[in-house]
Amino acid sequence: GDSVTQMEGPVTLSEEAFLTINCTYTATGYPSLFWYVQYPGEGLQLLLKATKADDKGSNKGFEATYRKETTSFHLEKGSVQVSDSAVYFCALSVEPAGNKLTFGGGTRVLVKP
Amino acid sequence: NAGVMQNPRHLVRRRGQEARLRCSPMKGHSHVYWYRQLPEEGLKFMVYLQKENIIDESGMPKERFSAEFPKEGPSILRIQQVVRGDSAAYFCASSPLSGLEEKLFFGSGTQLSVL
């Protein structure tokens, strides 16, 4: 079956540090890949997505590149802020599943001033 | 335009009681998804509904769990005879259409605690 593995947290960083969260996947078909973010007390929000190999998704300074050869979709941000403290989830979906997503376990990120 | 509304935010039940979780999708959205997040785990798909129809319930436990999305009113996730293992955060998401091109909007979740 489909699965997503992402690095366990918590990840604690200082403000302006570089952030990387690793995500790898296995899929029976050709997946679309997503990163969702969950701020404290809120629901998940789509951060970025990529639908085919070598696509780069980007939003709010975050980037992730769809690497088919390594089945990875690592999330990066060059300079984090305190407001980036949240839980980040990597996810995939394979058509015709549509919005039926398979999520990784989530990575909690804490950015300290 | 209000987002996806879930209530209650927190629900406490004793073992053997029933839990009813409500989800009002965004205006204009006719597709609803329920996900469950067990402690320290990622979200797991439970069920996908359109108005008055269950499209995919492959993630629903075979017993005690049911879901509906009536023509009028919110979607309801119902858990009968709750057990401690049902304690989790239950998230609802909605979209206007079913394809991947349509963005999913998540509610803030209902935290169910079974004593």
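Residues numbered from 1 in each chain as written. Chains lettered and ligands numbered in written order. Predicted model: local features only at pLDDT ≥ 70, side-chain atom pairs only at ≥ 80, totals over all residues. Heavy atoms only, no water.

Undergrad: Residue-level account of the overall build of chain A, with values.
TA: The helix and strand inventory of chain A stands at zero helices and 12 strands. In sequence order, chain A lays out its α and β elements as β-β-β-β-β-β-β-β-β-β-β-β. Taken against the 2.2 N^0.38 rule, which gives 13 Å for 113 residues, the C-alpha radius of gyration of chain A at 13 Å falls within 12% of a compact globule. With the C-alpha coordinates of chain A rotated into their principal frame, the extents come out at 45 × 30 × 20 Å. Counting over 113 residues, chain A shows a buried share of 46%. (Helix = DSSP H or I, 4+ residues; strand = E, 2+ residues; numbered from the N terminus. Rg over C-alpha atoms; globule rule 2.2 N^0.38 Å. Buried < 20%, exposed > 50% of the residue type's maximum accessible area, 1.4 Å probe, protein only.)

Undergrad: If you had to explain the state of the cysteines to someone new, which residues and values would you point to?
TA: Applying the stated criterion across every chain yields a total of two disulfides over all chains. Covalently, cysteine 23 of chain A is tied to cysteine 90 of chain A through a disulfide, its sulfur atoms 1.9 Å apart. A torsion of -70° about the S-S bond marks the disulfide between cysteine 23 of chain A and cysteine 90 of chain A as left-handed. In this pair, cysteine 23 of chain A is assigned in strand 4 (residues 23-26) and cysteine 90 of chain A in strand 10 (residues 86-94), connecting sequence segments 67 residues apart. Judged by its relative accessible area of 1%, cysteine 90 of chain A is buried. Residue pairing for cysteine 23 of chain B: its cysteine sulfur links by disulfide to cysteine 92 of chain B, the two sulfurs lying 1.8 Å apart. Residues cysteine 23 of chain B and cysteine 92 of chain B share a disulfide whose torsion about the S-S bond is about -55°; that sign makes it left-handed. Taken together, the residues cysteine 23 of chain B in strand 3 (residues 19-24) and cysteine 92 of chain B in strand 9 (residues 88-95) connect sequence positions 69 residues apart. (Disulfide = S-S within 2.5 Å.)

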